[in-house]
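# An overview of the molecular structure
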Amino acid sequence: MMNDSFGARLRRERERRHITLAQIADTTKIKASLFQGLERDDVSRWPGGIFRRSFVRAYAQAIGLDPEQTCREFVER
């Protein structure tokens, strides 16, 4: 399934590790609703610029993915 969206892959990875959005929000102090948007490939409600990268890094780290690689992928989109 290579046609999976970026957000769908992140959600699948998070679910595979049995981590809830609430847990990530608690750890990162970033609203769960923003991460929900990320998993739906909708970051329109996110603040711009550097915040987006730091949010993606925080999410990746919280679910055990490489933050830099995940962030690069996000930026490429």
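Notes on the structure follow. (Residues numbered from 1 in each chain as written. Predicted model: local features only at pLDDT ≥ 70, side-chain atom pairs only at ≥ 80, totals over all residues. Heavy atoms only, no water.)

### Considerations on the overall build of the chain
- Within the chain, the secondary structure is distributed over 5 helices and 0 strands.
- The linear arrangement of helices and strands in the chain, starting from the amino end, is α-α-α-α-α.
- Rg of the C-alpha trace for the chain: 11 Å, near the compact-globule value of 11 Å for 77 residues, within the 12% margin.
- Dimensions of the chain, computed from the C-alpha atoms along their principal axes, are close to 30 × 25 × 20 Å.
- Every one of the 77 residues in the chain was classed for burial, and the buried ones make up 38%.
- Across the chain, every contact between residues at least 6 apart in sequence was considered, and the portion connecting residues at least 24 apart equals 52%. (Helix = DSSP H or I, 4+ residues; strand = E, 2+ residues; numbered from the N terminus. Rg over C-alpha atoms; globule rule 2.2 N^0.38 Å. Buried < 20%, exposed > 50% of the residue type's maximum accessible area, 1.4 Å probe, protein only. Contact = heavy atoms within 4.5 Å.)

### Here's the deal with helix 3 (residues 32-39)
- Taken together, the buried positions of helix 3 are Leu 34, Phe 35, Gly 37, Leu 38 and Glu 39.
- At its buried positions, helix 3 is contacted by helix 1 (6-16), helix 2 (21-28), helix 4 (50-63) and helix 5 (67-76).
- At the exit of helix 3 stands Asp 41, carrying a positive phi of roughly 60°.

### Comments concerning the side chain of Asp 4
- Locating Asp 4 in the fold gives a position in the segment before helix 1.
- A relative accessible area of 17% places Asp 4 in the buried class.
- Not counting the four nearest positions on each side in its chain, Asp 4 is found in contact with Arg 9 and Arg 12.

### Section: the packing of aromatic side chains
- In the structure shown here, the tally under the stated rule is 5 aromatic pairs.
- Summarising the aromatic geometry, the rings of Phe 35 and Tyr 59 are spaced 5.4 Å apart at their centres and angled 50° between planes, so their arrangement reads as tilted. A residue pair is termed long-range when its members are at least 10 positions apart, and Phe 35 in helix 3 and Tyr 59 in helix 4 qualify at 24 residues.
- The buried category is assigned to Phe 35, whose relative accessible area is 0%.
- The exposure class assigned to Tyr 59 is buried, which follows from its relative accessible area of 0%. (Phe/Tyr/Trp six-rings, centres within 6.5 Å; stacked < 30°, edge-to-face > 60°.)

### What to know about helix 1
- Those residues of helix 1 that sit buried are Phe 6, Gly 7, Ala 8, Leu 10, Glu 13 and Arg 14.
- Buried-residue contacts for helix 1 involve helix 2, helix 3, helix 4 and helix 5.
- Remark: His 18 follows helix 1 within two positions and exhibits a positive phi of approximately 55°.

No statement about biological role is implied by the geometric values presented.
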